[in-house]
Amino acid sequence: MSKEITSRADDYSQWYNDLIIKGGLADYSAVRGCMVIKPYGYAIWENMRDELDRMFKETGHENAYFPLFVPKSLFETEEKNAEGFAKECAIVTHYRLKTDPDNKGKLIVDPEAKLEEELVIRPTSEAIIWNTYKGWIQSYRDLPLLINQWANVVRWEMRTRLFLRTTEFLWQEGHTAHATQQEAIDETVQMLNVYATFAENFMAMPVIKGVKSANERFAGAEDTYCIEAMMQDGKALQAGTSHFLGQNFAKAFDVKFADKDNRLDYVWATSWGVSTRLIGALVMAHSDDQGLILPPKLAPIQVVIVPIFKGEEQKLLIDEKVKSLQKQLKAAGIKVKYDDKDNNRPGWKFAEYEMKGVPVRIAIGARDITNNVVEVARRDTKEKMSMGFEGLAENIIKLLSDIQAAIYSKAKVFRDEHITNADSWDEFIQLLDGKTGFIAAHWDGTSETEDKIKELTKATIRCIPLNNKPEEGKCILSGKPSTQRALFARAY
RNA sequence: CGGGAUGUAGCGUAGCCCGGUUAUCGCGCCUGGUUUGGGACCAGGAGGUCGCAAGUUCGAAUCUUGCCAUCCCGACCA
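Residues numbered from 1 in each chain as written. Chains lettered and ligands numbered in written order. Predicted model: local features only at pLDDT ≥ 70, side-chain atom pairs only at ≥ 80, totals over all residues. Heavy atoms only, no water.

Quick look at the protein's contact with RNA strand B
Neighbouring RNA strand B are 42 residues, the closest being Arg155, Arg165, Arg217, Asp368 and Lys458. For RNA strand B, the backbone makes up 42% of the atoms found within 4 Å of the protein, where backbone means sugar plus phosphate. The side chain of Arg155 places a nitrogen or oxygen atom 2.4 Å from a base nitrogen of RNA strand B. One nitrogen or oxygen atom from the main chain of Arg367 is found 3.1 Å from a base oxygen belonging to RNA strand B. Of all the secondary structure elements, the ones that give two or more residues to the surface near RNA strand B are α1 (12-22), α10 (346-355), β19 (360-365) and α11 (366-371). Tallying contributions element by element places α10 first for the surface near RNA strand B, with 7 residues. Its residues assigned to classes, the surface near RNA strand B comprises 15 nonpolar, 7 polar and 20 charged. (Near = heavy atom within 4 Å. Polar contact = N/O pair within 3.5 Å; in protein donor to acceptor, adjacent residues only side chain to side chain. Helix = DSSP H or I, 4+ residues; strand = E, 2+ residues; numbered from the N terminus. Nonpolar A, V, L, I, M, F, W, Y, C, P; charged D, E, K, R; others polar.)

Here's the deal with the side chain of Ser242
Relative to the helices and strands, Ser242 resides in strand β13 (residues 236-246). A distance of 2.7 Å separates a polar side-chain atom of Ser242 from the backbone oxygen of Thr188. Ignoring sequence-local partners within four residues, the contact set of Ser242 consists of Thr188, Met191, Leu192, Asp223, Thr224, Tyr225, Ser271 and Trp272. (Contact = heavy atoms within 4.5 Å.)

Structural notes on the packing of aromatic side chains
Under the defined criterion, the tally for this structure stands at 15 aromatic pairs. For the ring pair Trp425 and Phe428, a centre distance of 5.4 Å and an interplane angle of 20° mean the geometry is stacked. Highlighted residues: Trp425 and Phe428, both in helix α13 (residues 425-433), separated by 3 residues, approximately one helical turn. For Phe428, a relative accessible area of 0% corresponds to the buried category. Put simply, the rings of Trp45, Phe56, Trp150, Tyr195 and Trp272 touch in pairs and so form one group of aromatic residues. Positioned over the ring face of Phe309 is Lys315, at 5.9 Å from the centre of the ring. The ring of Phe350 carries the charged tip of Arg361 above its face, separated from the ring centre by 3.9 Å. (Phe/Tyr/Trp six-rings, centres within 6.5 Å; stacked < 30°, edge-to-face > 60°. Buried < 20%, exposed > 50% of the residue type's maximum accessible area, 1.4 Å probe, protein only. Lys NZ or Arg CZ within 6 Å of the ring centre and 35° of its normal.)

Here we look at the domain arrangement of chain A
Quoted interface sizes are often the accessible area lost when the parts come together. What the domain assignment lists for chain A is domain 1 (12-286), domain 2 (303-399) and domain 3 (418-489). Placing a centre on the C-alpha atoms of domain 2 and another on those of domain 3 gives a separation of 50 Å. (Domains from an automatic or database assignment.)

Let's talk about the sheet that holds strand β8 (residues 114-121)
Sheet strands pair by backbone hydrogen bonding; their relative direction is either parallel or antiparallel. The antiparallel open sheet is built from 3 strands, whose spatial order is β4-β8-β5. Two strands bound the open sheet, and with one partner strand each, they are β4 (69-71) and β5 (91-94). Averaged over all adjacent pairs, the angle separating strand axes in this sheet is 35°, with direction ignored. Relative to β8, β5 is paired through 3 bridges, and the arrangement is antiparallel. Directly across from Ile91, in β8, lies its bridge partner Val120. (Pairing = 2+ DSSP bridges. Axes fitted to C-alpha atoms, helices over the stretch in contact; angles between N-to-C directions.)

What to know about a nonpolar patch on the surface
Among the surface-exposed residues, Leu97, Leu107 and Val109 lie close enough to one another that they form a single nonpolar patch of about 290 Å² accessible area. Relative to the assigned elements, Leu107 resides in strand β7 (residues 107-109). Given the relative accessible area of 54%, Leu107 is considered exposed. (Patch = residues over 30% accessible without salt bridge, like charges linked within 9 Å, V, L, I, M, F, W, Y side chains within 5 Å. Areas by Shrake-Rupley, 256 points an atom, 1.4 Å probe, with all protein chains shown as cover. Salt bridge = Lys/Arg side-chain N within 4 Å of Asp/Glu carboxyl O.)

Observations regarding the pattern of salt bridges
Enumeration according to the criterion identifies 26 salt bridges in this entry. Across the pair Glu228 and Arg462 runs a salt bridge whose closest N-O atoms are separated by 3.3 Å. Here the residue Glu228 occupies a position in strand β12 (residues 223-230), and Arg462 occupies one in strand β24 (residues 460-465), the gap between them amounting to 234 residues. A single burial state applies to Glu228 and to Arg462, both of which are buried. Arg263 is the salt-bridge partner of Asp261, the closest N and O atoms lying 3.4 Å from each other. Here Asp261 and Arg263 have matching classes, each one exposed.

Some remarks on the environment of Ala64
By the secondary structure assignment, Ala64 is in the loop between β3 (62-63) and β4. When its relative accessible area of 26% is taken as the criterion, Ala64 is described as partly exposed. Along the chain, Ala64 and Ile147 lie 83 residues apart, while their C-alpha atoms are 6.6 Å from each other. Residues within four places of Ala64 in sequence aside, it is in contact with Ile147, Asn148 and Gln149.

Section: the pairing of strand β16 (residues 268-275)
In terms of residue burial, β16 counts as a mostly covered element, since 8 of its 8 residues are buried. Burial along β16 is two-sided: the face carrying Trp268, Thr270, Trp272 and Val274 and the face carrying Ala269, Ser271, Gly273 and Ser275 are both buried. Sheet topology note: the strand β10 (residues 168-178)/β16 ladder contains 8 bridges and is antiparallel. By the bridge assignment for β16, Gly174 is matched with Trp272. The pairing of β13 with β16 spans 5 bridges and is classified as antiparallel. The residue bridging Ser242 from the neighbouring strand is Trp272, located in β16.

Overview of the nonpolar core
The biggest cluster of nonpolar side chains holds 71 residues, and the ones touching the most others in it are Leu25, Met48, Phe198, Met203, Met205, Met231 and Phe428. Contact partners of Met48, with chain neighbours within four places excluded, come to Phe198, Met203, Leu278, Ile279, Leu282 and Leu298. One finds Val70, Val120, Ala127 and Leu245 within the second-largest nonpolar core, a separate group that totals 28 residues. (Core = buried A, V, L, I, M, F, W, Y, C linked by side-chain atoms within 4.5 Å.)

Looking at the sheet that holds strand β21 (residues 384-388)
One open sheet accounts for 5 strands, arranged β18-β17-β19-β20-β21; its pairing is mixed. Each edge of the open sheet is held by one strand with a lone partner, namely β18 (336-338) and β21. Between one strand axis and the next, the sheet turns through 25° on average, direction left out of account. Pairing of β19 with strand β20 (residues 373-378), which is carried by 4 bridges, proceeds in the antiparallel orientation. From the neighbouring strand, Arg361 faces β20, where its bridge partner is Ala377. Along the sheet, helix α12 (residues 392-417) makes contact with β17 (303-308), β19, β20 and β21, crossing β20 at roughly 10°.

As C-alpha cells, this is what we get:
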C-alpha cells in the first residue's frame with residue numbers, strides 16, 4: 001500500500017497531482033514552476049509528437065528551428081502581441097558571471113557583462129519567425145510558406161500546475177504565410193481539424209471546435225479557433241488553438257510579396273499550437289481512483305505480461321512461452337513489456353501497472369500453460385477474460401481498439417451529459433455551482449457582458465461552437481437580443 | 001503577489017505546545033533464506049545538513065525572525 005492515490009471525491013486537485021507523481025509521469029524540480037518530465041511521461045509526449053508530426057507533414061508542413069532568444073526590439077514590433085505577453089516574459093540582461101570577491105566559491109552577475117539589448121526568452125515565436133520570413137518571401141511563388149517548430153517556451157505564470165501550466169513547457173508552433181485571406185483562413189481551420197482529429201482519435205478525448213470571443217483571443221490574432229475539452233470535474237481545458245493572424249504580423253514586420261501582376265501586398269498569416277498540457281488533459285479525461293487510464297494509441301506500454309510461478313522450473317517454462325508470445329505481439333505492432341523481475345509479486349505488479357494506466361495486462365502461470373490460455377485484463381473496466389494462444393495477437397489488437405473506443409465513448413457520454421442550456425441568470429448560476437460542466441447560453445456579444453459574467457461567476461466563454469445553430473434569444477445577463485448560444489464554463 | 005495550511009531518510013509519519021543523551025514507527029532499499037493466481041514473510045543491515053539561513057540559549061527538530069518550496073482560496077493565466 002505504498003502508493004495511495006487521493007480519490008477524486010476527496011480532493012480533485014490532489015488526485016491529479018498524485019496520478020502525475022505516483023504514475024511516474026513527472027517530478028517537481030529545483031526550479032520554481034518547472035517540472036522534470038520523467039521517461040514514462042516523456043514517452044507519452046513522444047507518441048503524441050510523432051503522430052502530430054506525421055499529420056503536419058501529411059498536410060504539407062516542414063519542420064524548422066528558430067532561436068530561443070528574441071531581441072526586445074523584435075519582440076515589441078507587433079504591438080498587441082507584445083502587450084499580451086509582456087507581463088509573463090523572462091528576460092536575459094547579462095551574459096557572464098564572475099566569482100564573488102566577497103564570498104569565496106560563489107558567483108555573481110558580472111556588471112561589466114550587461115547586454116546592449118535585452119533578450120526575451122520566447123513565450124511564443126511569432127516575432128523572431130516573422131522577422132525571418134521577411135527575408136524568405138518576395139514573390140507569390142514563395143507562398144504558401146508552411147513551417148512548424150518543436151520547441152520549448154517560457155511563460156512566467158504566477159501559479160503553475162504540473163503539465164497544465166508550467167513556467168517552461170514543450171510545444172509545437174506552426175507559422176504559415178499565404179497569398180490570400182481565404183487561403184490563410186482555410187489553413188487555420190484545417191489545423192484546427194487536425195487537432196480535433198488527434199484529440200478524438202488518439203487521445204480518445206472528445207472536443208468542441210469553436211471560435212474564441214474577443215476577450216479570449218490570442219494577442220495579435222484576428223480570430224482564434226480552439227478545441228475545448230471537458231475534464232472529469234466539469235471544468236474546461238483549452239486543448240489547442242489555431243489563429244488566423246490576418247496581415248497583422250506581415251504589416252508589423254513588413255513582409256510583402258509580389259503577385260502575378262507584380263502588385264505588392266502583405267501576406268496573410270496563421271499560427272497554431274499544442275503543448276505538453278495535452279498530457280494533463282489526457283490524465284484528467286480518463287483516469288480513475290486507481291490510477292491512470294491511457295488510451296492504447298498513446299500508451300508507452302500497451303500490454304504488460306506478468307508471470308506467475310512457483311520455483312525456477314516453472315519460471316523457465318513460462319519464460320519460454322512468453323518469448324514466443326512476445327514475438328507474436330511485437331510482430332503485430334503491439335508495444336509489449338514482460339515484467340519478470342522477481343522483487344515484486346504478481347499482486348504488486350497488477351496494482352502498479354493499473355496505476356500507470358497500461359491498457360492490457362496478460363497474466364500467465366503454470367496452470368495457464370497447462371490449459372493453453374492466458375488471463376487478459378483490461379485497465380479501463382477491470383474486466384478479466386481468458387484467451388487462447390491461437391490468434392492471440394489479433395484478439396489483443398481487437399481488445400486494444402475496443403478499449404480506445406470505450407474510453408472515448410465514456411468521456412463523450414460524460415461530456416454530453418454535462419452540456420446544459422441555461423435560459424436565465426438564475427439557471428446559469430445554479431448550473432455552475434451544482435451540476436457543473438459547460439453551459440450553453442445566450443450572450444449579447446459584448447466584451448462588457450463577458451467581463452461582468454466572469455467577474456460574477458469565474459465562468460468564461462470557452463468558445464462559440466463552429467456547428468452552432470442560429471437561434472433567437474436573450475442574453476442571460478443583459479437581456480439584449482442574441483442570435484446564438486455561447487459555451488460558458490470555469491476553466492483551467 | 002495577498003490570505004490559509006504544510007515541510008522530519010526515497011515515500012508516509014511520531015516527537016514541537018512545555019528546549020536536555022544514540023530523533024519514532026511503517027513502507028521502500030541492501031544481504032541471506034522461504035515465497036509468488038490481487039499490493040508476501042523471517043533474520044540481519046544501510047540510510048537523517050529535522051526545508052534553508054540567521055538569531056536567542058550552556059544546549060534548538062522544538063523558541064524568534066527572514067527566506068525557499070508545495071498545496072488550497074483569491075488575483076493572474078493568448
